[in-house]
Amino acid sequence: MNARVAAAEPALAAALNLPPDPHAEFVLEHAHGRLQLRDTREGAPGPLYVDFASADAERRRDAGRQLALARAVGVKGDARPSVLDATAGLGRDAFTLAALGCDVTAVERSPIIAALLRDGLERAACRLRLVVGDAREFMAGLAEDARPDVVYLDPMFPERRKSAAVKKELQYLQELLGPDDAQALFAAALKCARQRVVVKRPVHAPELARPNHTLEGKTVRFDVYLV
Ligand SMILES: C[S@@+](CC[C@H](N)C(=O)[O-])C[C@H]1O[C@@H](n2cnc3c(N)ncnc32)[C@H](O)[C@@H]1O
């Protein structure tokens, strides 16, 4: 957990406050026209970066999950709720919700993950708002009229899905980030959302609390809490 990261370029080092570190396990760098995080250790998986073109293809293949996500947040007919994604990560879910027409604000507390996401969003010309910081503080500081219809949570949970992309992403995230504060985020989300809180979980994972209803896919489910 909390592996060491160095930046390959002075501008990145300054922007993300990453001091030079010759022993860093990870290097953040611009390569192949994108920002990427590379694990420098022998036998490590390839670099981590955000590519919404491939996420798009994945989504098309996984239309069932997209539908479940849309229904879970309340996309129906012309209804497009505003969504605060409080655990943005690499932004797949936030991007999907924005593509569905929701007004999305995504919050990510890791400045490195957020930098990868911002780079992917810029390349995809996606306009969702990205906030770097702790979502609990962000939610607590929102003015009454800025509260979202929906707060969406996807806290980290050890996955059993075997796809190589998911395994690589998890490996990076688990080394870079500490454990998620799922219960505390959930409590803050219930105070912040106007309509509902949606929590994504692997199908086998315990619930954070008893949901009002659940939409289940093959590998993940969405627990819906009406407020
Ligand atoms: C499993 S990932 C989310 C993946 C995301 N749903 C996607 O589609 O790519 C969880 C992310 O939530 C972030 N996170 C956890 N607690 C947070 C908090 N209190 N505020 C903001 N971000 C948080 C972690 O840093 C991590 O990047």
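Residues numbered from 1 in each chain as written. Predicted model: local features only at pLDDT ≥ 70, side-chain atom pairs only at ≥ 80, totals over all residues.

**Some words on the sheet that holds strand E1 (residues 5-7)**
Hydrogen bonding along the main chain pairs the strands of a sheet, whether they run parallel or antiparallel.
Here comes step 1: One open sheet accounts for three strands, arranged E1-E2-E3; its pairing is mixed. Each of the sheet's edge strands pairs with one partner strand only, and the pair in question is E1 and strand E3 (34-39). Within this sheet the neighbouring strands show an average axis-to-axis angle of 30°, counted without direction.
Here comes step 2: Judged from the six bridges that link them, strand E2 (residues 26-31) and E3 form a sheet pairing that is antiparallel. Directly across from Val-27, in E3, lies its bridge partner Arg-38.
Here comes step 3: Contacts between helix H5 (residues 111-123) and the sheet are confined to E1, E2 and E3, with E3 contributing the most and set at about 145° to the helix. (Pairing = 2+ DSSP bridges. Helix = DSSP H or I, 4+ residues; strand = E, 2+ residues; numbered from the N terminus. Axes fitted to C-alpha atoms, helices over the stretch in contact; angles between N-to-C directions. Contact = placed C-beta atoms within 7 Å.)

**Quick look at unusual backbone geometry**
Here comes step 1: Unusually for a residue other than glycine, Asn-17 sits at a positive phi of about 55°.
Here comes step 2: Examined against the element boundaries, Asn-17 turns out to sit in the loop between helix H1 (10-16) and E2.
Here comes step 3: For Asn-17, a count of 8 C-beta atoms within 10 Å gives the class exposed.
Here comes step 4: Positive phi, normally seen in glycine, also occurs at Ala-125, with a value near 50°. (Buried ≥ 20, exposed ≤ 12 C-beta atoms within 10 Å, placed from the backbone.)

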